[in-house]
Amino acid sequence: MSTARRIAPDPGQESVWDYPRPPRVEDTAELVEVDLGGRTVASSRSAVRVLETSHPPTYYLPVADFAEGALRPTAGSSYCEFKGVAAYFDVVGGSATARKAAWTYPEPSPGFERLLGYIAVMPGQVDECRVDGERVQPQAGGFYGGWITGRVVGPFKGEPGTLGW
């Protein structure tokens with residue numbers, strides 16, 4: 001954990017330092033919502049969470065739980081050593097467009113097949129993301145897609161000085 005000091009979770013909380021590496025994918029029945037341009041562009045009780053050491057959870061929603069026209073494929077890709085090659089989407093809501101604010105794994109790596117047909121959203125690039133009504137704080141740094149709620153404690157990768165974690 002380098003110089004990071006694990007924050008002890010209170011009852012009902014999770015420490016991201018107890019999450020595994022490689023990450024784990026788990027189902028959640030929480031209500032997960034994404035707003036952009038004054039509209040709810042996605043709402044799901046069938047999301048999955050990806051849990052990885054030092055990172056707040058990243059929520060992935062079924063593509064079917066996005067409003068029609070809310071996802072527009074865009075150029076570019078990135079590579080995750082665990083999940084594989086990601087493809088990106090612009091998220092569209094009302095008159096707003098959040099460029100490359102969502103991604104998916106069209107051919108997830110072995111062990112991450114559960115992500116097929118699911119889309120993750122960068123909470124810092126849309127108006128608001130909520131989990132069971134709680135507004136999400138985006139993971140710092142602008143690179144990672146973690147969703148910070150009162151359910152999780154850190155410290156979290158992405159903050160200044162965490163590059164070497």
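Anyway, here's the lowdown on the structure attached to this text. This structure is a prediction, so every number in the text was calculated from the model and none was measured.

## Some details on the overall build of the protein
Piece 1. When its secondary structure is counted, the protein shows zero helices and 15 strands.
Piece 2. The C-alpha atoms of the protein give a radius of gyration of 15 Å, which matches the 15 Å a tight globule of 165 residues would have.
Piece 3. In terms of principal-axis extent, the alpha carbons of the protein reach across some 45 × 35 × 30 Å.
Piece 4. Residues classed as buried in the protein amount to 48% of the 165 residues present.
Piece 5. At a minimum sequence separation of 6, the contacts of the protein that also span at least 24 residues come to 52%.
Piece 6. Roughly 8100 Å² of accessible area belongs to the protein as shown, and the carbon and sulfur atoms make up 51% of that amount.
Piece 7. Counting 16 positive and 20 negative side-chain charges, the protein places the centres of these two groups 4 Å from one another.

## With respect to unusual backbone geometry
Piece 1. A cis amide bond links Arg 21 to the next residue, Pro 22, at an omega of 5°.
Piece 2. Mapped onto the elements, Pro 22 comes out in the loop between β1 (14-15) and β2 (24-27).
Piece 3. Even without being a glycine, Ser 54 presents a positive backbone phi close to 75°.
Piece 4. Inspection of the secondary structure puts Ser 54 in the loop between β5 (48-51) and β6 (58-62).

## Overview of the sheet that holds strand β11 (residues 128-131)
Piece 1. Overall, antiparallel pairing links the four strands, which are arranged β4-β3-β11-β12 in an open sheet. On the outer flanks of this sheet lie β4 (39-44) and β12 (134-135), each paired with one strand and no other.
Piece 2. With two bridges connecting them, β11 and β12 associate as antiparallel partners. When the sheet's bridge partners are listed, Arg 130 is paired in β12 with Arg 135.

## A short note on the pattern of salt bridges
Piece 1. Under the criterion given, the structure shown has 16 salt bridges.
Piece 2. Glu 52 serves as the salt-bridge partner of Arg 21, at 2.3 Å between the closest nitrogen and oxygen. Placement of Arg 21 in the loop between β1 and β2 and of Glu 52 in the loop between β5 and β6 is noted, with a sequence separation of 31 residues between them.
Piece 3. Arg 135 is the partner of Glu 128 in a salt bridge, and the nearest nitrogen-oxygen pair spans 3.1 Å.
Piece 4. Members of the salt-bridge network, linked through shared partners, are Glu 14, Arg 24, Glu 26, Glu 30, Arg 49 and Arg 151.

## Describing the nonpolar core
As a rule of thumb, nonpolar side chains are buried together in soluble globular proteins.
Piece 1. Membership of the largest hydrophobic core comes to 23 residues, with the highest contact counts inside it found for Val 34, Val 91, Val 121 and Trp 147.
Piece 2. Where this core is concerned, the elements lending two or more residues are β3 (32-36), β4, β6, β8 (84-93), β9 (96-104), β10 (118-121) and β11.
Piece 3. When residues no more than four places from it in sequence are discounted, the contact partners of Val 91 are Leu 36, Val 41, Ala 70, Leu 71, Ala 96, Thr 97, Ala 98, Ala 101 and Ala 102.
Piece 4. Within the second largest apolar cluster, 14 residues are counted, among which are Val 48, Cys 80, Leu 115 and Met 122.

## Description of the sheet that holds strand β7 (residues 71-80)
Two pairing modes exist for strands in a sheet, parallel and antiparallel, and in both the strands are linked by backbone hydrogen bonds.
Piece 1. Read across the open sheet, the seven strands follow the order β2-β5-β6-β10-β9-β8-β7; overall the sheet is antiparallel. Of all strands in the sheet, those with a lone pairing partner are β2 and β7, marking the two edges. Averaged over all pairs of adjacent strands, the angle between their axes in this sheet comes to 35°, without regard to strand direction.

## What to know about the environment of Asp 35
Piece 1. With respect to the element layout, Asp 35 can be found in strand β3.
Piece 2. Look at Asp 35 and you get buried, because its relative accessible area is 14%.
Piece 3. With 91 residues separating them in the primary sequence, Asp 35 and Val 126 have C-alpha atoms 6.5 Å apart.

## A word on the environment of Ser 44
Piece 1. Along the chain, Ser 44 turns up in strand β4.
Piece 2. Accessibility expressed as a relative area gives 2% for Ser 44, which makes it buried.

Rules and cut-offs
- Residues numbered from 1 in each chain as written.
- Predicted model: local features only at pLDDT ≥ 70, side-chain atom pairs only at ≥ 80, totals over all residues.
- Heavy atoms only, no water.
- Helix = DSSP H or I, 4+ residues; strand = E, 2+ residues; numbered from the N terminus.
- Rg over C-alpha atoms; globule rule 2.2 N^0.38 Å.
- Buried < 20%, exposed > 50% of the residue type's maximum accessible area, 1.4 Å probe, protein only.
- Contact = heavy atoms within 4.5 Å.
- Areas by Shrake-Rupley, 256 points an atom, 1.4 Å probe, with all protein chains shown as cover.
- Lys, Arg positive; Asp, Glu negative; His and termini not counted.
- Charge placed at Lys NZ, Arg CZ, Asp CG, Glu CD.
- Pairing = 2+ DSSP bridges.
- Salt bridge = Lys/Arg side-chain N within 4 Å of Asp/Glu carboxyl O.
- Core = buried A, V, L, I, M, F, W, Y, C linked by side-chain atoms within 4.5 Å.
- Axes fitted to C-alpha atoms, helices over the stretch in contact; angles between N-to-C directions.

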